[in-house]
Structures are given as structure tokens and as C-alpha cells.
Amino acid sequence: MDSVKQSAALCLLRLYKASPDLVPMGEWTARVVHLLNDQHMGVVTAAVSLITCLCKKNPDDFKTCISLAVSRLSRIVSSASTDLQDYTYYFVPAPWLSVKLLRLLQCYPPPGNQRRALRNLGCRLLASGGLQFYGAPEDAAVKGRLVECLETVLNKAQEPPKSKKVQHSNAKNAILFETISLIIHYDSEPNLLVRACNQLGQFLQHRETNLRYLALESMCTLASSEFSHEAVKTHIDTVINALKTERDVSVRQRAADLLYAMCDRSNAKQIVSEMLRYLETADYAIREEIVLKVAILAEKYAVDYSWYVDTILNLIRIAGDYVSEEVWYRVLQIVTNRDDVQGYAAKTVFEALQAPACHENMVKVGGYILGEFGNLIAGDPRSSPPVQFSLLHSKFHLCSVATRALLLSTYIKFINLFPETKATIQGVLRAGSQLRNADVELQQRAVEYLTLSSVASTDVLATVLEEMPPFPERESSILAKLKRKKGPGAASALDDGRRDPSSNDINGGVEPTPSTVSTPSPSADLLGLRAAPPPAAPPASAGAGNLLVDVFDGPAAQPSLGPTPEEAFLSELEPPAPESPMALLADPAPAAE
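Residues numbered from 1 in each chain as written. Predicted model: local features only at pLDDT ≥ 70, side-chain atom pairs only at ≥ 80, totals over all residues. Heavy atoms only, no water.

Caption draft 1: Expanded view of a negative patch on the surface. Side chains of D339, D340, E466 and E467 sit close together on the surface and give a patch of like negative charge. In this structure, E467 sits in the loop between α25 (458-464) and α26 (477-486). Accessibility expressed as a relative area gives 44% for E467, which makes it partly exposed. (Patch = residues over 30% accessible without salt bridge, like charges linked within 9 Å, V, L, I, M, F, W, Y side chains within 5 Å. Areas by Shrake-Rupley, 256 points an atom, 1.4 Å probe, with all protein chains shown as cover. Salt bridge = Lys/Arg side-chain N within 4 Å of Asp/Glu carboxyl O. Lys, Arg positive; Asp, Glu negative; His and termini not counted. Charge placed at Lys NZ, Arg CZ, Asp CG, Glu CD. Helix = DSSP H or I, 4+ residues; strand = E, 2+ residues; numbered from the N terminus. Buried < 20%, exposed > 50% of the residue type's maximum accessible area, 1.4 Å probe, protein only.)

Caption draft 2: The side chain of K413, seen in detail. Assignment of secondary structure puts K413 in helix α21 (residues 401-417). In this structure K413 comes out as buried when scored by relative accessible area, which is 15%. Within polar-contact distance, the side chain of K413 engages the backbone oxygen of E466 at 3.1 Å. (Polar contact = N/O pair within 3.5 Å; in protein donor to acceptor, adjacent residues only side chain to side chain.)

Caption draft 3: Spotlight on the pattern of salt bridges. Inspection of the entire model under this criterion finds 18 salt bridges. D257 is the partner of K293 in a salt bridge, and the nearest nitrogen-oxygen pair spans 2.0 Å. Here K293 is found in helix α15 (residues 284-300), whereas its partner D257 is found in helix α13 (residues 249-262), with 36 residues between them in sequence. Per residue, the accessibility class of K293 equals that of D257, and both read buried. Within this structure, E217, R254, D257, E289 and K293 form a network of salt bridges that share partners.

Caption draft 4: Representation of helix α17 (residues 325-337) within the structure. Its 13 residues place the ends of α17 18 Å apart at the C-alpha level, agreeing with the 18 Å of an ideal helix rising 1.5 Å per residue. Taking burial as the measure, the 13 residues of α17 include 10 buried ones, the bulk of the element. Residues of α17 that are buried: V327, W328, R330, V331, L332, Q333, I334, V335, T336 and N337. (Expected span 1.5 Å × (residues − 1).)

Caption draft 5: Representation of the packing of aromatic side chains in the model. Within this structure, the stated rule accounts for 7 aromatic pairs. Ring geometry for W328 and Y329: centres 4.6 Å apart, planes at 70 degrees, overall edge-to-face. Three or more aromatic residues link up through ring pairs in this structure, and these residues are Y89, Y90 and W96. (Phe/Tyr/Trp six-rings, centres within 6.5 Å; stacked < 30°, edge-to-face > 60°.)

Caption draft 6: Broad picture of the confidence of the model for the protein. With 75% of its residues at a pLDDT of 70 or more, the protein shows a mean pLDDT of 79. Contacts from residues 111-137, a stretch scored under 50 in pLDDT, to residues over four places away or in other chains number 51 contacts. (pLDDT = per-residue confidence, 0-100. Contact = heavy atoms within 4.5 Å.)

Caption draft 7: Seen up close, the environment of M25. Topologically, M25 is positioned in the loop between α1 (2-18) and α2 (29-34). Overall, the relative accessible area of 26% leaves M25 in the partly exposed class. Once the C-alpha coordinates of M25 and L54 are considered, the two residues, 29 residues apart in sequence, prove to be 9.5 Å apart. Apart from residues lying up to four places away in sequence, M25 is in contact with Y16, L54, N58, D61 and F62.

Caption draft 8: Quick peek at the environment of M468. Examined against the element boundaries, M468 turns out to sit in the loop between α25 and α26. Here the alpha-carbon distance between M468 and T336, two residues 132 residues apart in the chain, equals 7.5 Å. Among residues more than four places away in sequence, those in contact with M468 are T336, Y368, E372 and K413.

Okay, structure coming up:
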């Protein structure tokens, strides 16, 4: 009979994935949940797989499985390898079932997220006049038992291995990483979060590439928790060393992601400096992403504006080809909006333009800043107006049409700022290469600017060419581009819910970012194990349900709490939980170089 139950559960799982409308929801639900109490471990394993799939679409119908899953997990975790001889894999009791149970518990939202959701909804009151929370193990005994299980797994991870076989370490680590995923999912136990961070820190220098990768990946999520952020920061030196010395490009990228996630005002300069240094030798495939992250961190945690300007100009110098328009647009907006940095920016960009090899993006930034604020450094003979013009014009013929058009606008600005350069600039505009240029935009600008400088009076010229007004305050376009590059699931990680209250955003001090719930990034599904949720299933006929009831013969377990409409509504507010590295059990090979 046990084999029949097991086969029936697995068959039903396949049917549900293939055609959900064939599987009814109703009277047999309690019996499926009750299979978690079966004495046969094969039946329990098949039942957990089935319930995990079904509860993703109908969490209320299966929420009574939480206490049964915790109870079963507790018995497995506290058992010795000799207690479950038929289901012990290299001295690890029932590793597959343990991972499945931990994954099942992640299908239900943590209590903290429910409370935040209720607050966002205005704390809707139920008919009873009070607030009710559901989904996660609210019962103190069940929750306490679950915490004990998680602590036991973390304690066992510190014990010496019982076997030197790779299968033993794979099974043990699979349970450990799934446990850490559940701890991160609940995000409500500071002690467990810190212990999980410390355990992952030990893997950062492990000889196995897979473990180093997974540790960095999980710590990226831990860095966004207010309880474990400080614990993650203690490993900054190890992460920086991984960024410098790792041979595997995927591990180096995860190290860069973790540095970005752990950054705050206390370590921003160190992290930005290390990322700039890494950018000089970084793989071409990830350079643009590194550039965006450096630009965001430099703006968000700048202690002074001169450091921000220096950082962006270094960024252009090191990786100019990967600096998008959003990056240098942003530095121009900030310099324009801040009077106290304009002189320093003009001086710094003037010095940067003197380099023998100067990237075109540097010319664009220099052309704009000197055209607007070049008068602030004109008193120095080394940066007099003629010197500024000569320096910019020496780059003119090496640039694209768009950059040359920008430089022509800078020249007409110079005529307004520095009347002594008028004759020289008019000579450039009268040149046949400008008035008869094959490009219509350049030709039109040359003709119009020449006419404007010749006909307009000084007052009219000053009015037309007055300094640009401040830009309106708005969300950084750099952050928006990084979100698009990383995918929609990474929004919360980039927004970083533990926003530093002492942070000082440069552009007006206010950088509104979309408010999101704490959703794990796609990279949190470490080995691509997440299965897509099945489509909605309409009620099936009673005949099919009766057949299933006959197959799952046994006493039905009645749920202690019935689902309420409020619970059904709130359950849809929670994001899916991240999956973890069960594939370690089957693939001990290191990540691809």
C-alpha cells in the first residue's frame, strides 16, 4: 500500500504540472497533507514534492502542513545516521527529504513581511476586530521547534566530517544552504542570521569553487538585512581578496556584487577604490555593470563633492568605452546643481584633458563643464581662456559628430565668457570645414553661431548664452539602468532596504526610489532550481476527487484553523522564496572557469 500511495502522489504531481484543471481542490486536500505523518519515508518524500507544488497556487488550503513539516524535520535533524539506515546517504539522514521540507517552509511568508504588508494596506481589520497573521508558524511551540531545528543544522555544520567522501560534504552542505535560505527568508531571528553569516564566511576561503560562489551569493542577500549587515561587513577584506585573486570570473562577479551590497558610508571610499582598481583588469562582459555600480555608490555615499567628481573622472579614464551617457549626464547634473563643486570640477577636468590619450566621454564632460564654469579657473595663467580653447580644440578633429557639435556650443559659450577669444573662435567657425561641412547639424551650428556672435549685442549674447539653470531633482537614471540590466527581480536588492539614515545623496539630498517588498533577486535561485508556478486551476469534477480519496486511503487530518478570505487575499502579497543549491548533491564539479 505504501508504494501505491507514493506512486499516486508522484502521478498526481505530474498530472498537475501537465494540466492543472484536471486536479480538483477540496475534500482530499487534508488527506494529502496527512501523508506527511506517514511512516514510510518514500511516501513522505513524494507528498512533500506534491504539496510544495500545490501550495504555491493555493497556500491557504495547505497551511496546516507547516506544523507537520516542522515536526518531521525535527525528527530527521535530531536523529542519528543509524536511526534511518534505509534513508541515510553517506552518514547524512534523509538529505533529500530534509531539503524538500525546508523548501516547503519557504513557500509561506515570514511573519515580519506579513505585518509590513498589513501596514501598507492600512492594517485592515477583520470582522473579529483584531489583526490576524497567518502562513508562517505563528504558534510559539511550532516556531520554537523550528528554530531549534535550524540551530541544530548550524551546529552540525561545525562538527568534523564523518567521511572524506565528496558525497558526504555535498549532502551536508545542501541541507546547510537550504537552512540558510530559510533563515534569510524569515529575516526575523538576529542570532540565526548572524550565525548564518559567520558560517558562510568560513566558505569564502574554501577550496571548492562552488562553495565560494554560493557563499558570496547568499551573503549578498544577508547584506540587505538590518540584523546581519554589520556581520557581513566583517568579511570585507576576504571579499576584496576574492575580487583580486579568484580565477573564476563568475566568483569575481559575485564578489563585486557583495561589495556593492555591503557598502555604506563607513566603507564607501574603500569599496569604490577597490572596484576602480579591479575595473582596470575586469572581464569585458561585466565592465559596464561595474561602472554603473561604482557610479551609484560614489553618488549615494559621497562624503564631499570633490571625491565624487574625482571618482567619475577616474571611471571615464579607466573604462571610458563602458561609461554610458547616463553616467556622464549625471555628473553634469550634479555639478550644475552644486555651486561649491563647480570650480573644482572645472579645474579637475581641465587637468584630465591634458592627458595624451583622452577618451571622448572625457571630452564631452570637459566641453560642457568648461563652457559653463571655465571662467572660475580663468584667473590662473595655466588655464587662461586661450589655453582652455586650444586644449579643447586640439581634441575636435578626433571626436565623433555628436561630440564636435557639443564643442561648437562650448565655443560660442566661450565668446560670451571670454570676449578676448572671439576673433579666434570666429575664425574656426568661418573655416570651410565648418560652413561647408557634410553633416547638416555641424554646418547649421557653425553658421548660426557665427551669425549670432557677429550680429548680436553683448547684452543679447549674455541673455542667450546665460548659464544653464539647475536640473530638477529626480531619481538617478544610473540606478534605473542598473535595474534594467540586472532584471526586475533585482530591484529590491539594488534599492537596498537598509537605507543608511546618514547617507547624503548628492543631487539635492533626495533620491526617491520605488518602494518594493523584499524580493529575492533571480541570482538567489543559486543553481536554477526554481520551478515556475502552475497556472490557475478551475474546480474539477467530484468523480476525479473521489478516485484520489480512494487512493490516499487513511484517516483524514482536519485542519485546526480554516482559511479566511483575508488570509487568502494577503497570501498573494508575498513574493516567492529563493531556492537553494540542492543540485550540490548531484554535481560536485566546480563552476565553469
